[in-house]
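# Understanding the architecture of this molecule
Given next are the chains, with one letter for each unit.
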Amino acid sequence: MKYNRCGKSGLLLPAVSLGLWHNFGSVDVYENSKNIIFHAFDCGITHFDLANNYGPIPGSAEITFGNVLKDGLKTHRDEIVVSTKAGYKMWDGPYGDWGSRKYMIASLDQSLKRMGLDYVDIYYSHRPDPETPIEETMMALDQMVRQGKALYVGISNYNPEQSKKAFEILKELRTPCLIHQSRYNMFDRWVENGLLEVTNNYGVGVIAFSPLAQGLLTNRYLNGIPQGSRMTKSEFLKPSQLTNKKLTQITKLNQIAEKRGQSLADMALAWILRDKRITSVLVGASSVEQLDTNLKCIDNVNFTETELQEIDNILNS
Ligand SMILES: NC(=O)c1ccc[n+]([C@@H]2O[C@H](COP(=O)([O-])OP(=O)(O)OC[C@H]3O[C@@H](n4cnc5c(N)ncnc54)[C@H](OP(=O)(O)O)[C@@H]3O)[C@@H](O)[C@H]2O)c1
């Protein structure tokens, strides 16, 4: 594994991190979830990313992770970085959603209980809240650090303007923002329009989520929609997203990957990691084999100008 410094902090994160959004809920087979996590750790993936609502059912990914800790991973607590978040709807009533101090603090207490941990390494505001003063959300994050329930704080899904504000407030509070978690993959390049400049100026790291576009940027859907794939079971990836245009793009990207001697998944991850402002790619996996494939991305993150141009041409076609 290769470890990258997270912004200007003291923390190193693995170039490939593992996310527990899908495949680690109470609907999934525990042994498989545990094997993926253990295998990840054995391969040097030291960072595991969660959120209060991951499952399904919401909260159950944290319970699964807590069980994996109990089943052995906890003896390595000081060798891993665990993150969780609050920001999306988690419980009924007016205090289980968005970014109030009330929600942010109660949610972290619940997450810690589910995982059986005294503290998380990174606590995130999962999304900006247009109704709550940003100061209130940031002060709640800062308070969690001061109470020892989190070591670092991060923000996710904040646009460049909102990020700047959050970074300024956190700087003033002397709990500098460690990391920004944003969607970034070949099909969704919004971070290139200002966000990466802002994070870089403030010395904040960036972790790219859904770097494989939930599996579209792999060989998963090259020959149809396999039973059991995310597209057959998740409301977040629908068959309507696999348009003819997309399939043509994926097929052409796969040809470039083959020429580079990489799988499409590895090329898609390497393409993100080619930018030194990116600290880590945050992948998902439903099997140990997928994870093994994805880990090979770090072997070649260099692209020629011609390759980059060819990729851009495909993505713009
Ligand atoms: N902050 C946020 O708002 C936010 C939002 C989304 C995600 N995230 C974080 O980012 C993490 C990753 O997101 P993601 O799961 O969408 O990432 P992703 O890496 O883009 O997609 C993962 C999925 O792609 C398929 N896949 C992965 N490797 C493969 C391979 N080598 N060959 C074939 N298929 C492969 C698997 O789907 P199958 O099930 O089909 O096998 C896998 O579950 C999440 O777990 C979460 O921690 C954060």
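The structure reproduced in this document is the subject of the present report. (Residues numbered from 1 in each chain as written. Predicted model: local features only at pLDDT ≥ 70, side-chain atom pairs only at ≥ 80, totals over all residues.)

## Comments concerning the overall build of the protein chain
Convention followed: Secondary structure elements follow DSSP: runs of H or I no shorter than four residues count as helices, runs of E no shorter than two count as strands, and numbering proceeds from the N terminus. Radius of gyration means the value over C-alpha atoms here, while the globule rule gives 2.2 Å times the residue count to the 0.38 power. Put simply, a residue is buried when 20 or more other C-beta atoms lie within 10 Å of its own C-beta and exposed when 12 or fewer do; between those, it is partly exposed, and each C-beta is set from the backbone. Once C-beta atoms are placed from the backbone, any two residues with those atoms within 7 Å are in contact.
The helix and strand tally for the protein chain stands at 11 helices and 10 strands. Since a compact globule built from 317 residues should have a radius of gyration of about 20 Å, the 19 Å found for the protein chain is in line with a globular shape. Along the longest, intermediate and shortest principal axes, the C-alpha atoms of the protein chain span 50 × 45 × 35 Å. Within the span of the protein chain, comprising 317 residues, buried residues form 45% of the whole. If you take every contact in the protein chain between residues at least 6 apart in sequence, the share linking residues at least 24 apart comes to 76%.

## Things to note about the site of the ligand
Spelled out, the test is: Any residue qualifies as near a molecule or strand once its backbone-derived C-beta atom lies within 6 Å of it. Residues are grouped as follows: Ala, Val, Leu, Ile, Met, Phe, Trp, Tyr, Cys and Pro are nonpolar; Asp, Glu, Lys and Arg are charged; every other residue, Gly included, is polar.
Near the ligand, the surroundings consist of 31 residues, among which Gly 19, Trp 21, Leu 212, Gly 215 and Gly 284 are the closest. Secondary structure elements with two or more residues in the shell around the ligand: strand E10 (280-283) and helix H10 (288-295). For the shell around the ligand, the element with the most residues is H10, which contributes three residues. Residues of the shell around the ligand, tallied by class, amount to 10 nonpolar, 18 polar and three charged.

## So, the nonpolar core
This is how it is decided: Think of a nonpolar core as buried Ala, Val, Leu, Ile, Met, Phe, Trp, Tyr and Cys residues, each tied to the set through C-beta atoms within 7 Å.
Ranked by size, the top nonpolar core spans 86 residues in total, and within it Phe 65, Ile 122, Tyr 123, Val 153, Ala 208, Ala 268 and Val 281 carry the most contacts. If you tally residues by element for this core, the top one is helix H9 (residues 264-273), at nine residues. Each residue touching Phe 65, except ones within four places of it in the same chain, is listed here: Leu 20, Phe 24, Phe 48, Leu 50 and Met 115.

## Quick look at the environment of Arg 146
Within the secondary structure layout, Arg 146 lies in helix H4 (residues 134-146). You can call Arg 146 exposed: it has 12 C-beta atoms within 10 Å. Considering only alpha carbons, one finds Arg 146 and Thr 175, 29 residues apart in sequence, at a separation of 8.9 Å.

## Some points on the environment of Leu 247
Relative to the assigned elements, Leu 247 resides in helix H8 (residues 244-260). Placed 26 residues apart in sequence, Leu 247 and Tyr 221 show a C-alpha to C-alpha distance of 8.0 Å.

## Focus on the sheet that holds strand E6 (residues 120-125)
Convention followed: DSSP bridges decide pairing: two strands pair if at least two such bridges lie between them. To get an axis, a line is fitted to the C-alpha atoms, and for a helix only the part in contact is used. The angle between two axes follows their N-to-C directions and goes from 0 to 180 degrees.
The sheet built from eight strands closes into a barrel, its strands ordered E3-E4-E5-E6-E7-E8-E9-E10 with parallel pairing. Each neighbouring strand pair of the sheet contributes to a mean axis angle of 30 degrees, computed without reference to strand direction. Pairing geometry for strand E8 (residues 177-183) and strand E9 (residues 205-209), over five bridges, is parallel. What sits directly across from Gln 181, in E9, is Ile 207. Packed on one face of the sheet, helix H3 (residues 101-115) meets strand E5 (81-86), E6 and strand E7 (150-156) and runs near 135 degrees to E5. Packing against the sheet, H4 makes contact with E6 and E7, and its axis sits at approximately 155 degrees to E7.

## Comments concerning the environment of Val 27
Positionally, Val 27 belongs in the loop between strand E3 (16-19) and helix H1 (30-42). Under the C-beta neighbour-count criterion, Val 27 is labelled exposed, with 12 such atoms within 10 Å. The spacing of Val 27 and Phe 38 is 11 residues in sequence and 19 Å in space, taken between C-alpha atoms.

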